[in-house]
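Chain residues, written in single-letter form:
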Amino acid sequence: QTQLAESGGGLVQPGGSLRLSCAGSGFVLRDYAIGWFRRVPGKEREGVACINGETTWRSYADFVSDRFTISMSDADNTVNLEMSDLESDDTAVYTCARGPRGSGDCTHSETDYNTWGQGTRVTVSS
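Residues numbered from 1 in each chain as written. Predicted model: local features only at pLDDT ≥ 70, side-chain atom pairs only at ≥ 80, totals over all residues. Heavy atoms only, no water.

Some remarks on the sheet that holds strand β3 (residues 18-25)
To keep it simple, the criterion reads: When DSSP finds two or more bridges between two strands, those strands count as paired. The helix count covers DSSP runs of H or I at least four residues long, the strand count covers runs of E at least two residues long, and both are numbered beginning at the N terminus. Between N-to-C directions, angles cover 0 to 180 degrees, with each direction set by a line fitted to C-alpha atoms, over the stretch in contact for helices.
Pairing in this open sheet of 4 strands is antiparallel, and the strands run β1-β3-β8-β7 from one edge to the other. Looking at strand neighbours, the two that pair on one side only are β1 (3-7) and β7 (68-73), the edges of this open sheet. Ignoring strand direction, the axes of neighbouring strands in this sheet form an average angle of 15°.

Considering unusual backbone geometry
The test is simple: Three labels apply to residues, based on accessible area from a 1.4 Å probe with only protein chains included: buried if under 20% of the type maximum, exposed if over 50%, partly exposed otherwise in between.
One non-glycine residue, T56, lies in the positive phi region at around 65°. Inspection of the secondary structure assignment puts T56 in the loop between β5 (46-52) and β6 (58-60). Using a relative accessible area of 38% as the deciding quantity, one classes T56 as partly exposed. Of note in the backbone geometry, D85 takes a positive phi value of approximately 50° without being a glycine. Looking at the element boundaries, D85 is found in the loop between β8 (78-83) and β9 (92-98). Residue classification places D85 among the partly exposed residues on the basis of a relative accessible area of 44%.

So, the side chain of N77
Put simply, the rule reads: Here a polar contact is recorded for every N or O atom pair within 3.5 Å, except that within protein the pair must consist of a potential hydrogen donor and a potential acceptor, and residues adjacent in sequence are included only if both atoms are side-chain atoms. Any two residues whose heavy atoms approach within 4.5 Å at even a single point are treated as in contact.
With respect to the element layout, N77 can be found in the loop between β7 and β8. A polar atom in the side chain of N77 sits 2.9 Å from the backbone nitrogen of L29. Those residues within four positions of N77 in sequence are excluded, and the remaining contacts are C22, A23, G24, S25, F27, V28 and L29.

Written out as structure tokens, the structure is:
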């Protein structure tokens, strides 16, 4: 069964760091584009970062401003999102998703993704 499961969310103070992990089961993440998205209540879901496992192409939303790093681990079939210098505006539910195979790149458009995890909540607050 194809599934994605996120972990690593929690409460962190402004300026702090968190590492989110997206674990895949039933397929190899390296074969696909994988994206991280987030949703704040009352707002539309937005793309945060994505990576294409085949080409290692990476893309980040403008608001990331070099604070986040997306990476892929073959050993445990995960895509990780290292977040630093977190701000209150980063508070959201973060979800990973599987995109197309063979595209060579990745996008921040949720319509390009067809398998979604349940999400992990990140709260940035003092």
